[in-house]
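An overview of the molecular structure
Chain by chain, the residues run as shown.
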Amino acid sequence: MRDIVVFSGSAHRAFAARICQALGVDLSPAEIKRFSNDCLQAQLLENCRQRDVYIVQPLVPPTQEHLMELLLMIDAARGASAAQITAVIPHYAYARSDKKDASRISLGGRLVADMLVAAGAHRVLTMTLHAPQVHGFFSVPVDHLTAIGVLADHFRGRDLSDSVVVSPDLGNAKTATQFARLLGLPVAAGSKQRLADDRVVIDSIVGEVSGRHAIVLDDEIATGGSIIELLDRLADRGCTSADVACTHGLFAGKAVERLRDHPMIGQVVTTDTVPSPARWPELQVRSVAQLFAEAIQRIHVGESVSSLFDGVDPTHAQPQATLFDKVRG
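**Observations regarding the overall build of the protein**
- The number of helices and strands found in the protein is nine helices and 14 strands.
- Across the 329 residues that make up the protein, the buried fraction comes to 53%.
- Sequence separation of 24 or more characterises 65% of the internal contacts of the protein that already satisfy a separation of 6 or more.
- When the accessible surface of the protein is summed, it comes to about 14,500 Å², and 48% of that surface belongs to carbon and sulfur atoms.

Pasting the structure below:
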């Protein structure tokens, strides 16, 4: 069987190292150079010939810089005769650019997908895309992981009486419903209208929240504007307190101060798909590196990745016994 070779761009090397630790392989070295004209060059410092190459790079700020690194590394692997190249993108930022909701607007999600394939990617491994239709932008296989099982584990064993899972918008309500089923809780959702990148209005709440503790679930938190607006509306409806959970905790701009100091919030829980802010030690971070490692192992040996989530829903469920567990057994 071909060897697994894992490289990392500069966006989140610690996450790539955790994946490698779970896989039992070394993180292979790579070098990114910047020339005097500001052009980048990527060099992979490990033999890739006829090997399965995995390049780990979330698209986090500076997003364009990290995207270019990823494209160059994929191109380098193709030029080095890799047998299969998988772009491991824990956070696919351009998934938010997924529809034509204004005249003469670009579709960044599709364009970036085309660029990855043109660079030489044979497969993409990602987590919690902003919208499921982004799958259709790719002409290569996409394995889409979910973190709701990991996030649900964080809340299991706690007193969840009088709690309710709340989605900030109706678009995320399906995922919130699956999350609520994992915890045995009711679900509610906000009706959201986005006015700008950092400004939203939530004009109503669908579901019963009065006298309850809310567990707010979102796919991504950037500036925190949607969450703060939702908490204000929940308070108006008699909600007593809240915890916040998300997969991609970007926490850009004033998000840390907004969420850390909000009187309703007891804790904020996220995963390590993106680097955590250094100035927020109270932030609860759950690792999904083991889940990515398991998916990589399954891709490598030709096993089903979706079967990781059998049990509750074909796409959203608690991970079952892993290949690592079978080997150990």
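**A look at the sheet that holds strand β5 (residues 84–89)**
- If you walk across this open sheet you meet the five strands as β1-β4-β5-β6-β7, and the pairing is parallel. The outermost strands of the open sheet, each flanked by one partner alone, are β1 (4–8) and β7 (142–145). Here the strands of the sheet are splayed against their neighbours by 20° on average, with no regard to which way each runs.
- Of the pairings in the sheet, the one linking strand β6 (residues 123–127) to β7 comprises four bridges and is parallel in character. Note on β7: the bridge partner recorded for T126 is H144.
- The sheet contacts of helix α8 (residues 289–301) involve β1, β4 (52–56), β5, β6 and β7, and relative to β6 the element is tilted by about 155°.

**Concerning the packing of aromatic side chains**
- Counted according to the given criterion, the structure contains four aromatic pairs.
- For the pair F15 and F292, a centre-to-centre distance of 5.5 Å together with 85° between the ring planes defines the contact as edge-to-face. Here F15, found in helix α1 (residues 13–23), pairs with F292, found in helix α8; they are 277 residues apart in sequence, far enough to count as distant.

**A few points about the pattern of salt bridges**
- Going through the model one piece at a time under the given rule, you end up with 14 salt bridges.
- Notably, a salt bridge pairs D3 with R51, separated by 3.6 Å at the nearest N-O pair. Within this pair, whereas D3 is found in the segment before β1, its partner R51 is found in the loop between β3 (40–44) and β4, the two being separated by 48 residues in sequence.
- Here D3 falls in the partly exposed class, since its relative accessible area comes to 41%.
- In this structure, the salt-bridge partner of R260 is D261, at a minimum N-O distance of 3.6 Å.
- The class of D261 is exposed, set by a relative accessible area of 53%.
- Salt bridges here are not isolated pairs; linked through shared partners, they connect D3, E46 and R51.

Calculation notes
Residues numbered from 1 in each chain as written. Predicted model: local features only at pLDDT ≥ 70, side-chain atom pairs only at ≥ 80, totals over all residues. Heavy atoms only, no water. Helix = DSSP H or I, 4+ residues; strand = E, 2+ residues; numbered from the N terminus. Buried < 20%, exposed > 50% of the residue type's maximum accessible area, 1.4 Å probe, protein only. Contact = heavy atoms within 4.5 Å. Areas by Shrake-Rupley, 256 points an atom, 1.4 Å probe, with all protein chains shown as cover. Pairing = 2+ DSSP bridges. Axes fitted to C-alpha atoms, helices over the stretch in contact; angles between N-to-C directions. Phe/Tyr/Trp six-rings, centres within 6.5 Å; stacked < 30°, edge-to-face > 60°. Salt bridge = Lys/Arg side-chain N within 4 Å of Asp/Glu carboxyl O.

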